[in-house]
Each structure stands twice: as C-alpha cells, then as structure tokens.
Amino acid sequence: MADLARRFWLRRDSALQAPRLPWMIDDQAFTDKCTRCQACLNACETDIIVQGDGGFPQVDFQRGECTFCYQCAQACPEPLFRPRQDPPWQVSITMSSACLAKQGVDCRTCGDECEPSAIRFALQPGKVAQPVISDADCTGCGACLSVCPTQAIQIQSVTKVE
C-alpha cells in the first residue's frame, strides 16, 4: 500500500518553483519536448544553466546571475522558447527570517548587487535598515541570490491567471 504522506514529493507546484529558463514555454510542454541535449547549458554565457531533475536544464542562481542574453533559446534545436520581445519570466522574490537585516545585523549585499534597485532598504529609527522588495522593478536576474551570506532570498515563478 502506498504511503500517502510521501505523495507531496511527487507533486509539482509551479507557483513555488524557481523559474527553469528565461523565455521558456510552459513547464509541461518544456518537459514533453526537451531532448536534454544540453545545447542551452553550453550556450549560457554566465554558466548558470545546469542539469537539473531528470536531466532537464534549469537555472542555478547560486552560480551567478542571468544577463538575459537569449543564447540559451537561440541554441535550442526545439521550439521551446517564446520570442525575445516577450518578458523572460514573471518572478517574485521573498526573504526568509534568515536575512541578516531582519536579525538586526547591518547587511545590504543584495541591494548593492540589484542593478534595477528592486531591493531597497528602508531606514528604521533605532534599528537596522530593512529590505523592501519591489516585484514591479525585479527583472529576476538572480544577482541578489548568490551574494546573500545566509541564502535568505528565494526566487519563485509567478503563475499568470488569465
């Protein structure tokens, strides 16, 4: 008999996952059509695309940031990517309680690395400045993730409701 408590390992909740690749068509179509040829891994100028679950490519922001060069999409022999004119992805950034600033330690490394200034720090009287994230300004490049000393930042795909 199946252990129902373990079923959560098999489910896929795309709203809670980091984005797989920029400009990628939906996840289901991607996994159905991707041949895992690794052309996108070899084309990535920042080497952030790695072989993930099942051999499928995925972005690893701990290795660096995405420059949105579109080389992964151009190298792919399959029709798995949207046009470059489309936004690369819709993402949301969250910070856990492991954030040093939230623990009262002055740290602004994520804000320093955020070129579009999606992470700003609000001054607090008598306290350490606290991070404020603007999803509207965030490009999802991931520059903030690799520099966070406590790995308190998560990037998640946002599912569109139309």
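Residues numbered from 1 in each chain as written. Predicted model: local features only at pLDDT ≥ 70, side-chain atom pairs only at ≥ 80, totals over all residues. Heavy atoms only, no water.

- The name recorded for the protein in an unreviewed UniProt entry is Ferredoxin-type protein NapF, from Photobacterium arenosum.
- The heading Subcellular location (unreviewed entry) in the UniProt record of the protein holds the text "Cytoplasm".
- As its UniProt record puts it under Cofactor (unreviewed entry), the protein is described as follows: "[4Fe-4S] cluster". (UniProt positions renumbered as here; feature names shortened; annotations may be inferred.)

### Re the side chain of Asp 27
Next up, step 1: Tracing the backbone shows Asp 27 in helix 1 (residues 27–33).
Next up, step 2: Classification of Asp 27 as buried rests on a relative accessible area of 18%.
Next up, step 3: Here Arg 20 takes part through its side chain, which lies 2.9 Å from a polar atom of the side chain of Asp 27. (Helix = DSSP H or I, 4+ residues; strand = E, 2+ residues; numbered from the N terminus. Buried < 20%, exposed > 50% of the residue type's maximum accessible area, 1.4 Å probe, protein only. Polar contact = N/O pair within 3.5 Å; in protein donor to acceptor, adjacent residues only side chain to side chain.)

### Quick look at the packing of aromatic side chains
Next up, step 1: Here the structure, examined in full by the defined rule, presents five aromatic pairs.
Next up, step 2: When the centroid spacing of 4.8 Å and the interplanar angle of 85 degrees are considered together, the rings of Trp 23 and Tyr 70 count as edge-to-face. One end of the pair, Trp 23, is in the segment before helix 1; the other, Tyr 70, is in the loop between strand 2 (57–59) and helix 3 (71–75), and 47 residues separate them in sequence. Grouping residues by exposure puts Trp 23 and Tyr 70 together as buried.
Next up, step 3: Ring geometry for Phe 61 versus Trp 89: centroids 6.1 Å apart, planes at 80 degrees, classification edge-to-face. Here Phe 61, found in the loop between strand 2 and helix 3, pairs with Trp 89, found in the loop between helix 3 and strand 3 (91–95); they are 28 residues apart in sequence, far enough to count as distant.
Next up, step 4: We classify Trp 89 as buried; its relative accessible area is 10%.
Next up, step 5: One aromatic cluster is present, formed by Trp 23, Phe 61, Phe 68, Tyr 70 and Trp 89 through successive ring pairs. (Phe/Tyr/Trp six-rings, centres within 6.5 Å; stacked < 30°, edge-to-face > 60°.)

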